[in-house]
Amino acid sequence: MNSKTPNSPVTFRLNGREAAVMAAPGERLSVTLRERLEARDVKVGCDAGDCGACTVLLDGRPVCACLMPTQRVAGHAVDTLAGLVRTDPLAQTLTQTFQDHGAAQCGICTPGMMVAAVALLRDTPRPQAAEVQDALGGVLCRCTGYRKILDAVLAAGHPPAPLTGSGAVGSAIRRLDGAAKVTGTEVFGDDVAPPGTLELRVIRSPHPRARFQFGDLAQYARAAGLEAVLTADDIGGTNCFGVIPDFADQPVFAETETRFQGEAIAAVIATPDRMRQFDPVDFPVTWTVLDPVMTVEAAQDATAPQLHANRPGNLLCGGLVQCGDADAALARADVTVTGQFSTSFVEHAYIEPEAGYAVPEGDRIAVYACTQAPVMDLDGLEHILGIDRRRIRIVPTAVGGGFGSKLDLSVQPYLALGVLKTGKPVRMAYSRHESMQSTTKRHPAEISITIGATRDGKICGLQFAGDFNTGAYASWGPTVATRVPIHASGPYLVRDYRAQSRAIHTHSPPSGAFRGFGVPQAAAALEPLLDDLATKLGLDPLEFRISNALQAGEPTVCGQVFSQGVGITACLTALRPAWAAAKADCASFNAGQGAHGFLRRGVGVAAGWYGCGNTSLPNPSTIKAGIRANGQIVLHQGAVDIGQGSSTVITQIFAQALGVSVDQVVLVGADTDLTPDAGKTSASRQTFVSGNAARRTGLALRQQILAQLNAADTARIVPGPTGLSVIDAAQTHALDLTRQPPNGEGYVLQAMETYDPPTQPPDENGQGAPYAQFGYAAHLAMVEVDLALGTVRALGFTAAHDVGQAINPLLVEGQVQGGIAQGLGMTLMEEFVPGRTANLHDYLIPTIGDMPPVDTLIIEEPDAHGPFGAKGLGEHVLIPTAPALLNAIHHATGLRMTRLPVTPSRLHAAIKAHADA
């Protein structure tokens, strides 16, 4: 693999210039580029050639830098995205089309995508869609759903006029952070630390359950040339963390026994050279393997080991919502259906593994990390480190995908403890295996559900019971347990209802937040049974849903009544044209071409709803803004943008309220030293909650400006190069801000406002007002099934989403497409098996070739509480996707699949069993 020695420099051309480096034998080109040549536009997502994020051009051809030994490029030319965008017209065009189409969301895969696209366009200036899919098939994306990327590459052959606008609410503008993503200058968690920084590596349990003992760690550290070894003994505060304080139960380092494979027991810190030689097999620890319980059923056995002494029966918690009398309603129903459904662990599979950097700043510690919740990180570190929170600073880097898992602490405690132990800067980045092995997953679910209806097609009773495998520790298990019973009815009027849920501990990785907090699993059980109920009644599945859809003024199963903004009927009725066309298409195909082969087509519909924000709990966001003496407007917003576009949307809302254009606002992003707490990026809350805080802040600052000149509310604010002017009744008044003394932050005018959604805690039956708003969705999915192979190919989606007010329609489309891609993966291929699938070649996620066209229908039923009527969106998309696909598979095959994912082997077995029967 390597014929050169470290004493022989490797010389090659990098981005058109000569480079000579001393690379270790067999060193990956990705390491050389990033750490020796500081080409950190090259991203590393897997080190196995699975994700393609590290794609570079070698003599003009795309290769994975993580698979290429540096010695192999001697005498050759290597080009990265940063070099291409400086000199290559094709790359420069792509930087524009990627922004205009919203093709870069989190941005971690963008360098690989764009480099691969440049290679394609050089050979094929005007490619067809299939050619783009082939060329980019080796680069994975978890955010966009690929369709925006496909559009951007196709547009590069004939670029349209750039997307421009003032950013007024309702207008599609580019992401404000988009330029950095498409030029390779965006800084992610592993891009912050300078080369040569001490590196930290965690020692993890190879067993799901085991006791352990350390050998002589001090002697080992000296012999191995380590800077330090960390264990639980180094924790100055509490060796415990969790996202919900009352349920916090996870140790930073296990002390005597581990509860899941991949749990941390220690960490080592060393120089980069030493760390390259480190082998965790040599770490002095002795294991005593114990029998684990890995399933909910096993964990509830009377003889099962108890993971936590204060949780008998391995029960973490439960949830309940009931209204009316479900038993009586089902007894009088004319038709009932019953089903049992099961889902698997699902891995978030963001392309950026967890990474960060910590540095001492005087007597303080600054932690730079990819996180969705900087203030929650601060809260956690305060307790773990046992130091005053004023000595801790959290600076979120760009986040290369999160989807819920980066709400939990990962690298942050280890980095901070490393700084305290060594007094020096420390960095770390999880390997792909480590990330998938040790971080949270979507909860597997075992669901039983019964629904009844009367002959006139009205739902008259529903019972739901769901057990969720919450893994070894609580994480977001309590949130899933409480959220699911609220949502398990779907967006329908159900007056007689009982839904129970339980979160059960096992010796599996902790299950946490993942786009929907358990609601997608519940919808995957409910919506197929609604199809079965409609069939029994002889009704069209779509019309059956429309006739039962919740209306404004009608109570939810929690007794909550919304006077406006209930958009589910509008979503469902918007599907009627596509539903009629798809049914006709399937009938024609199956009677014609399909009748003579093994292919069958089917179409399915499903609906969903999702409450935005925390469930029945305080959920505030605070936003701050100020104006400097020169008229510069600065917005401090701490809502972490993980690719969904919150930085852009919140700025649009603020600018609209203030009365200026977006490009007249300077944005200061999340930093616990600089921005107030805008809350965590989860539960589709940022547009709604932080957006409301931004609107209030903009209005408050506007009133201060107008009051300076006694101007009317209708006056127009005009920022200029040296100050502000106000146009009132056709008269222009200059506002001299230089006369006013600046405050400690340099602002002559400043506003800071908070918004907390109005909710009410539930009673013992779950009755109350858990959310101030719901968003609504209805999806249609069309599939083609190969009866001989058991494979399912998605042919297209139509997705109707009620967003209240689309602040930025381009970003709405991106969220819809990305959520559908994740729902597609959950339904057809994604199944995390602890100990077996901790990589991106055994664990499959959709590629660009798997994702079909999506027709997004934006429905706007204004919400009473949302900023300008807007609702959240991120979680909602994934909820109806899986059941729409399940219903389409049923339509194509006649088989009701009740276990996710519907892999080819499972579907083939069901087809064979059906044929044999």
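### Focus on the overall build of the chain
Thought 1: Counting its secondary structure elements, the chain contains 24 helices and 31 strands.
Thought 2: Here the C-alpha atoms of the chain give a radius of gyration of 28 Å, agreeing with the 29 Å that 2.2 N^0.38 yields for 917 residues.
Thought 3: In terms of overall dimensions, the chain has a C-alpha envelope of 80 × 80 × 60 Å along the principal axes.
Thought 4: Relative to its 917 residues, the chain shows a buried fraction of 62%.
Thought 5: When contacts within the chain are restricted to residue pairs at least 6 apart in sequence, those whose partners lie at least 24 apart make up 77%.
Thought 6: Of the roughly 31900 Å² that the chain leaves accessible, carbon and sulfur atoms contribute 50%.
Thought 7: In the chain, 70 positive and 87 negative side-chain charges are present, and the distance between their average locations comes to 2 Å.

### Let's talk about the packing of helix H4 (residues 110–123) against helix H6 (residues 147–156)
Thought 1: The contact between H4 and H6 brings their axes to 11 Å, and the two run at 35°. Classified by chirality, the crossing of H6 by H4 is right-handed. Residue-level inspection shows Met113, Ala117, Leu120 and Leu121 of H4 in contact with H6, the latter providing Ile149, Val153 and Ala156.

### Considering the sheet that holds strand E22 (residues 621–627)
Thought 1: Read from one edge of the open sheet, 4 strands run E24-E23-E22-E28, paired in mixed fashion. Here the strands that pair on one side only, and so sit at the sheet edges, are strand E24 (665–668) and strand E28 (749–755). Averaged over all pairs of adjacent strands, the angle between strand axes in this sheet comes to 20°, irrespective of strand direction.
Thought 2: Strand contacts of helix H21 (residues 686–709): E22 and E28, with the helix running at about 150° to E28, the strand carrying the most contacts.

### Description of helix H16 (residues 519–537)
Thought 1: Here H16 contains 19 residues, and its C-alpha end-to-end distance of 27 Å stays within 8% of the 27 Å for a straight helix at 1.5 Å per residue.
Thought 2: Phi turns positive, to about 70°, at Gly538, one or two residues after H16.

### Remarks on the pattern of salt bridges
Thought 1: Counted according to the given criterion, the structure contains 48 salt bridges.
Thought 2: In this structure, Arg601 and Glu784 form a salt bridge, with 2.9 Å as the shortest nitrogen-oxygen distance. Of this pair, Arg601 sits in strand E21 (residues 599–611) while Glu784 sits in strand E29 (residues 774–786), placing them 183 residues apart in sequence.
Thought 3: Owing to a relative accessible area of 18%, Arg601 belongs among the buried residues under this scheme.
Thought 4: Bridged by salt links that share partners, the residues Arg34, Glu35, Arg40, Lys43, Asp190, Asp191 and Arg427 form one connected network.

### As for unusual backbone geometry
Thought 1: Omega for the peptide link from Leu900 to Pro901 comes to 0°, which places this bond in the cis form.
Thought 2: Following the sequence through the fold, Pro901 ends up in the loop between helix H23 (878–893) and helix H24 (904–916).
Thought 3: The backbone of Tyr146 shows a phi angle near 70°, a positive value even though the residue is not glycine.
Thought 4: If you trace the backbone, Tyr146 turns up in the loop between helix H5 (129–136) and H6.
Thought 5: For Tyr146, a relative accessible area of 1% gives the class buried.
Thought 6: At Ala349, a residue that is not glycine, the phi angle is positive and equals roughly 55°.
Thought 7: By the secondary structure assignment, Ala349 is in the loop between strand E13 (335–342) and strand E14 (355–361).
Thought 8: With a relative accessible area of 0%, Ala349 lands in the buried category.

### Here we look at empty space enclosed by the protein
Thought 1: In total, this model carries 7 cavities of 30 Å³ or more according to the counting rule given.
Thought 2: If you add up the space inside the largest cavity, you get close to 530 Å³.
Thought 3: Together, 37 residues line the largest cavity, and Gln644, Ser684, Gln815, Leu873 and Gly874 are the ones closest to its centre.
Thought 4: Elements with a minimum of two residues in the lining of the largest cavity: helix H20 (646–658), H21 and helix H22 (809–828).
Thought 5: With 6 residues, the top contributor of residues to the lining of the largest cavity is H22.
Thought 6: Counted by class, the lining of the largest cavity contains 13 nonpolar, 20 polar and 4 charged residues.
Thought 7: When its volume is computed, the second largest cavity comes out at roughly 220 Å³.

### A few points about the layout of surface pockets
Thought 1: Space inside the largest pocket adds up to approximately 1600 Å³.
Thought 2: Lining the largest pocket are 50 residues; nearest its centre among them are Asp47, Glu199, Ala429, Tyr430 and Ser431.
Thought 3: Of all the secondary structure elements, the ones that give two or more residues to the lining of the largest pocket are helix H1 (29–36), strand E6 (198–204), helix H9 (272–277), strand E11 (285–289), strand E17 (426–429) and helix H14 (432–438).
Thought 4: For the lining of the largest pocket, a count of residues per class yields 23 nonpolar, 9 polar and 18 charged.

Parameters and conventions
- Residues numbered from 1 in each chain as written.
- Predicted model: local features only at pLDDT ≥ 70, side-chain atom pairs only at ≥ 80, totals over all residues.
- Heavy atoms only, no water.
- Helix = DSSP H or I, 4+ residues; strand = E, 2+ residues; numbered from the N terminus.
- Rg over C-alpha atoms; globule rule 2.2 N^0.38 Å.
- Buried < 20%, exposed > 50% of the residue type's maximum accessible area, 1.4 Å probe, protein only.
- Contact = heavy atoms within 4.5 Å.
- Areas by Shrake-Rupley, 256 points an atom, 1.4 Å probe, with all protein chains shown as cover.
- Lys, Arg positive; Asp, Glu negative; His and termini not counted.
- Charge placed at Lys NZ, Arg CZ, Asp CG, Glu CD.
- Axes fitted to C-alpha atoms, helices over the stretch in contact; angles between N-to-C directions.
- Left-handed = near helix turned anticlockwise from the far one by under 90°.
- Pairing = 2+ DSSP bridges.
- Expected span 1.5 Å × (residues − 1).
- Salt bridge = Lys/Arg side-chain N within 4 Å of Asp/Glu carboxyl O.
- 1 Å grid on protein atoms, 1.4 Å probe; cavity = no way out; pocket = protein on both sides within 12 Å on 5 of 7 lines; lining within 4 Å.
- Points joined across faces, edges and corners; volume = space filled by probe spheres on them.
- Nonpolar A, V, L, I, M, F, W, Y, C, P; charged D, E, K, R; others polar.

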